[in-house]
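# Notes for the structure review
Chain by chain, the residues:
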Amino acid sequence: MNQDHAVHDEGGTLKKHRLTKLIVVLALALVAAACGDVDTTTTAGEAETTTTAGEAEATTTTAAEAEPFRIAIVAPSASNDLAFTQSIVDAVNVIKSEMGNVDLQVTDGTFVVEDAAAAIRAYADSGVDLVIAHGSQYGGSLQEIAPDFPDTSFAWGTAADTFGLSNVFAYEAASDEGGYVMGVMGAALSESNVIGIVGPVEVGDAKLYVDGFKAGVLAQNPDAEVLVNYTDSFSDVALASEAAQAQAANGADVMSGTAQMVVGAVTVASDQGILWFGTQANQTSLAPNIVVASQVYHWEVVLRDIIAKIEAGTPGGEYFKIDLANGGEVIEYNDGFDLPADVRQLGEDAIAGIKDGSITTGS
Amino acid sequence: MSDFFTTAVLVATAASGVRLAVPLLFASLGETFGQRSGVLNLGVDGVMLLGAFGGYYAVLKTGNVWLGLLIGIVVGLLLGVVSAVISVTLRAEQGISGIGIYLFGLGMSDLLFQKLVGTPLPITKFPKLNIPRLSDIPVIGELLFQHSIVVYLAFLAVPVGMYIINKTTFGMNIRAVGENPEAADSLGVSVSRIRYATVIIGGTLAGVAGASLAIDLGIFQQNLTNAQGFIAIALVYFGAWRPVGVMLGSLLYGFVNAIVLQLKTLAIIPPDQSNFAAMAPAIITILALVIVARRFKAPAALTKPYSRGE
């Protein structure tokens, strides 16, 4: 009898322990999930221009008199990464201020494609008018999801392929154009004639930009040495930093780079007084002393066209591109950097040449 | 290839390897303490991320890198206590609870960054500390004696760790608890007290690893560690649970990464083969250390929660 009691007691203790473990694990999972949820709905600095999931309903009710145009963005990195994701969030905020009655939801930080796919499907399911899948890695998911929601429009980039689907738009940037212009200026500014470029993975927008920049450097100075270093990661800031250090050790005195991990390279350039050209967003705030200029994407140029198409009854099937000629790409100079007038003129001449077709970037 | 074998490039590459090894070394040394006492903490990367954000934010607000390092220590220590409560007192499944800590650190560090900072802003970095006279020695000086202070601290921690584990009563108790907790318990060693201490040491060093990474880079970005905490855990296994082993593993990983980066920079590895080369650090480190580690056994009680009388 006593033995039985002991067994029961031990069993009870064991159960209690298991229950405690379960509660702890569940609590941690819930906290983590909560962090994730809040995180995924955060948007760029301008809180007033965006809505979180919880606020979406309230916004819709207050604007009940006219149904808002609902846009959702799914993007891989943070909304304020000073790079790829920020470029699209900023653009939709411009559209929002132009159109007024726009409801914007953002899920950022979806490096994991499956997470992005779940968000894309959830937005489509909730009746969003335009779901923007901002990442070429999301194409496969979109190809599966879009046919299930024929009444929803999707836009994805940077890519040129609409998969033959009538409700998918594709968009990309001629990032080689701005790259070329800044490469010309970079070669003119370089004293060592060694120029470094840090890239993530040799595909898509990054490859276009790196190739364009290199072509610009060599057009200005065929004897210049261009060091190109793909880190094979969009997120490894430490590797980007070391890549920049390696280029500096080889004499680079002008650098550029693309994707969100380049912040690591910018701080190295800043420490060593190496001039920097940015792309995707204006990177002057990262290092006002050494940033010369940035190629800034204005996706609103193609978003205006896409929204006009949707409102006119064409839900997709077309491809759009931003470039220097249509104003979707703009070279923004750092006012705090004393850029010699002749070098700036070289840049302006390159812009004019690309616009009128007399210069090709080789891409 | 001849460009690679110049003194300047070789020294720059080696110095880069040392820098890349530092966060791994701090984190894997800390994890060595925990594992030697029988506790596997898979949450290292999460602790590193929160230590990194804490350190970054403190420097951003005050400009004081030492305060940043201190905040990294405090954040790591607190998360070490949390990890110890979960894995020692509550005897939770170590793999699962560690993943919970990792996800918490990943989400919370990003949330805090978005809410408190937003757009990445550069911060003051650790100053370089050139050791007088030694730093003037050609080649060796630049390679070994011209780094930021955290680099020296990381490598100083190796003999200190060795001494603690091999030469002190505390270290003997750690090993005893990791090999045979019942026997240690019967000899009057408090298993939970020892495991609390080692897990807290592990958390603290992970916090230092994160803070040193952020302050050395001078920036914070979402998921800054890029899974270095998991590499650190692997290095503990492959370093055979010995401070010297994890140091060699960290250095090997750092050096191979630095060599690959340098070969890419000089176009000796062309861009279209860059992605294959990117796998080299992991593959070479695993191969080298597996060969070494085969001769050593894991602590017998590793991953097993201890409960008196069970």
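From a predicted model like this one, the values you see are computed outputs, not experimental measurements.

## Some remarks on the overall build of chain A
A count of helical and extended segments in chain A gives 11 helices and 12 strands. Every one of the 363 residues in chain A was classed for burial, and the buried ones make up 56%. For chain A, long-range pairs separated by at least 24 residues make up 68% of all intrachain contacts whose partners lie at least 6 apart in sequence. A total of about 14200 Å² of accessible surface is found on chain A, and carbon and sulfur atoms cover 53% of it.

## Observations regarding the overall build of chain B
Helix and strand counts for chain B stand at 13 helices and two strands. Here the C-alpha atoms of chain B give a radius of gyration of 20 Å, agreeing with the 19 Å that 2.2 N^0.38 yields for 310 residues. With 310 residues in all, chain B has 56% of them scored as buried. Put simply, 80% of the contacts in chain B that link residues at least 6 apart link residues at least 24 apart. For chain B, the exposed area adds up to about 12600 Å²; of that, 68% sits on carbon and sulfur atoms.

## With respect to the packing of helix H3 (residues 84-99) of chain A against helix H10 (residues 300-311) of chain A
All names here are of chain A. The contact between H3 and H10 brings their axes to 9 Å, and the two run at 55°. By the angle between their axes, H3 is oblique relative to H10. For the pair H3 and H10, the crossing hand works out as right-handed. Between H3, through Ile88, Ala91, Val92, Val94, Ile95, Glu98 and Met99, and H10, the contact on the second element is made entirely by Glu300, Leu303, Arg304, Ile307 and Glu311. For the contact of H3 with H10, the class distribution of residues is eight nonpolar, no polar and four charged.

## Let's talk about the interface of chain A and chain B
Counting residues at the interface gives 49 residues for chain A and 49 residues for chain B. Each partner contributes to the roughly 4000 Å² buried at the junction of chain A and chain B, and carbon and sulfur atoms together form 61% of this total. Summed over the shared surface of chain A and chain B, the result is three salt bridges. The interface formed by chain A and chain B holds 15 residue pairs in polar contact (both at pLDDT 80 or more) in total. Going through the elements one at a time, helix H1 (2-41), strand S7 (225-230), helix H8 (237-249) and helix H9 (263-272) of chain A are the ones with two or more residues in the side of chain A that touches chain B. It is H1(A) that contributes the most residues to the side of chain A that touches chain B, 12 residues altogether. When grouped by side-chain class, the residues that make up the side of chain A that touches chain B number 24 nonpolar, 17 polar and eight charged.

## A closer look at the packing of aromatic side chains
Tallying each qualifying case throughout the model produces 15 aromatic pairs over all chains. Within the aromatic cluster, the residues linked to one another by ring pairs are B:Phe53, B:Tyr56, B:Tyr57, B:Phe113 and B:Phe220. In this structure, A:Arg344 is placed above the aromatic ring of A:Tyr333, and the distance from its NZ or CZ to the ring centre is 3.8 Å.

## Remarks on helix H11 (residues 243-265) of chain B
Residues three or four positions apart in an α-helix share a direction because the helix packs 3.6 residues into each turn. Residues and elements named next belong to chain B. When the terminal C-alpha atoms of H11 are compared, their 33 Å separation across 23 residues agrees well with the 33 Å that a helix rising 1.5 Å per residue should span. Where burial is concerned, most of H11 is hidden: 18 out of the 23 residues are buried. The first or second residue beyond H11 is Ala267, which carries a positive phi of 60°.

## Some remarks on the pattern of salt bridges
Close approach of charged atoms allows side chains with opposite charge to pair. All names here are of chain A. In the structure shown here, the tally under the stated rule is nine salt bridges over all chains. Across the pair Asp103 and Arg70 runs a salt bridge, and its minimum N-O distance is 3.7 Å. On the criterion of sequence distance, the pair formed by Asp103 in strand S2 (residues 102-107) and Arg70 in strand S1 (residues 69-74) is long-range, its members being 33 residues apart. Take Asp103 and Arg70: they sit in the same class, and that class is buried. Here Glu318 and Lys309 are joined by a salt bridge, their closest N and O atoms 3.4 Å apart.

## Section: the pairing of S1(A)
Residues and elements named next belong to chain A. The element S1 is largely enclosed, with a buried count of six among its six residues. In S1, alternate side chains face the same way, and those of Phe69, Ile71 and Ile73 on one face and Arg70, Ala72 and Val74 on the other are all buried. In this sheet, S2 lies alongside S1 in parallel orientation, the contact comprising six bridges. Pairing of Val74 across the sheet is with Thr107, part of S2. Both S1 and strand S3 (residues 130-134) contribute to a ladder of four bridges, which runs parallel. Bridge assignment links Ala72 to a residue of S3, and that residue is Val131.

## A word on the nonpolar core
Ranked by internal contacts, the top residues of the largest apolar core, which has 87 residues, are A:Trp276, B:Phe26, B:Tyr56 and B:Leu224. The residues contacting B:Tyr56, other than those within four sequence positions of it, are B:Phe113, B:Val117, B:Pro120, B:Leu121, B:Ile123, B:Ala214, B:Ile219 and B:Phe220. Grouped together as the second largest cluster of nonpolar side chains are 31 residues, A:Val184, A:Tyr209, A:Val254 and A:Phe337 included.

## Considering a nonpolar patch on the surface
Residues and elements named next belong to chain B. On the surface, a nonpolar cluster with roughly 400 Å² of combined accessible area is contributed by Leu67, Leu70, Val74, Leu77 and Leu78. Looking at the secondary structure, you find Leu78 in helix H3 (residues 65-89). Using a relative accessible area of 52% as the deciding quantity, one classes Leu78 as exposed.

## Details of the sheet that holds strand S10 (residues 291-297) of chain A
All names here are of chain A. Taken together, six strands build an open sheet; the order of strands is S7-S6-S8-S9-S10-S12 and the sheet is mixed. What marks the edges here is a single partner per strand, and that holds for S7 and strand S12 (329-333). For this sheet the average axis-to-axis angle between neighbouring strands, irrespective of direction, equals 15°. When S10 meets S12, the two strands line up antiparallel, connected through five bridges. Following the sheet pairing, Ser294 is matched in S12 by Glu332.

## Examining helix H7 (residues 169-179) of chain B
Residues and elements named next belong to chain B. What H7 keeps buried is the set Gly171, Asn173, Ile174, Val177 and Gly178. In a view along the axis of H7, the buried residues occupy a sector of 160°, so they form one face of it. Looking at the buried residues of H7, the elements they touch are helix H1 (7-36), helix H6 (149-167), helix H8 (181-186) and helix H9 (191-217).

## Overview of the packing of helix H2 (residues 44-62) of chain B against helix H10 (residues 228-238) of chain B
Residue and element names in this part refer to chain B. As a packed pair, H2 and H10 sit with axes 7 Å apart at the nearest point and diverge in direction by 135°. One way to sum up the angle between H2 and H10 is to call them oblique. Remark: the crossing between H2 and H10 carries right-handed chirality. For the pair H2 and H10, contact is made by Val44, Asp45 and Met48 and by Gln228, Gly229, Phe230 and Ile233, respectively. Of the residues assigned to the contact of H2 with H10, the class counts are four nonpolar, two polar and one charged.

About the cut-offs
- Residues numbered from 1 in each chain as written.
- Chains lettered and ligands numbered in written order.
- Predicted model: local features only at pLDDT ≥ 70, side-chain atom pairs only at ≥ 80, totals over all residues.
- Heavy atoms only, no water.
- Helix = DSSP H or I, 4+ residues; strand = E, 2+ residues; numbered from the N terminus.
- Buried < 20%, exposed > 50% of the residue type's maximum accessible area, 1.4 Å probe, protein only.
- Contact = heavy atoms within 4.5 Å.
- Areas by Shrake-Rupley, 256 points an atom, 1.4 Å probe, with all protein chains shown as cover.
- Rg over C-alpha atoms; globule rule 2.2 N^0.38 Å.
- Axes fitted to C-alpha atoms, helices over the stretch in contact; angles between N-to-C directions.
- Parallel < 35°, antiparallel > 145°, perpendicular 65-115°, else oblique.
- Left-handed = near helix turned anticlockwise from the far one by under 90°.
- Nonpolar A, V, L, I, M, F, W, Y, C, P; charged D, E, K, R; others polar.
- Buried area = accessible area lost by both parts, 1.4 Å probe.
- Salt bridge = Lys/Arg side-chain N within 4 Å of Asp/Glu carboxyl O.
- Polar contact = N/O pair within 3.5 Å; in protein donor to acceptor, adjacent residues only side chain to side chain.
- Phe/Tyr/Trp six-rings, centres within 6.5 Å; stacked < 30°, edge-to-face > 60°.
- Lys NZ or Arg CZ within 6 Å of the ring centre and 35° of its normal.
- Expected span 1.5 Å × (residues − 1).
- Pairing = 2+ DSSP bridges.
- Core = buried A, V, L, I, M, F, W, Y, C linked by side-chain atoms within 4.5 Å.
- Patch = residues over 30% accessible without salt bridge, like charges linked within 9 Å, V, L, I, M, F, W, Y side chains within 5 Å.
- Arc of directions from axis to C-beta.

Function-wise, these values are silent; they only describe arrangement.
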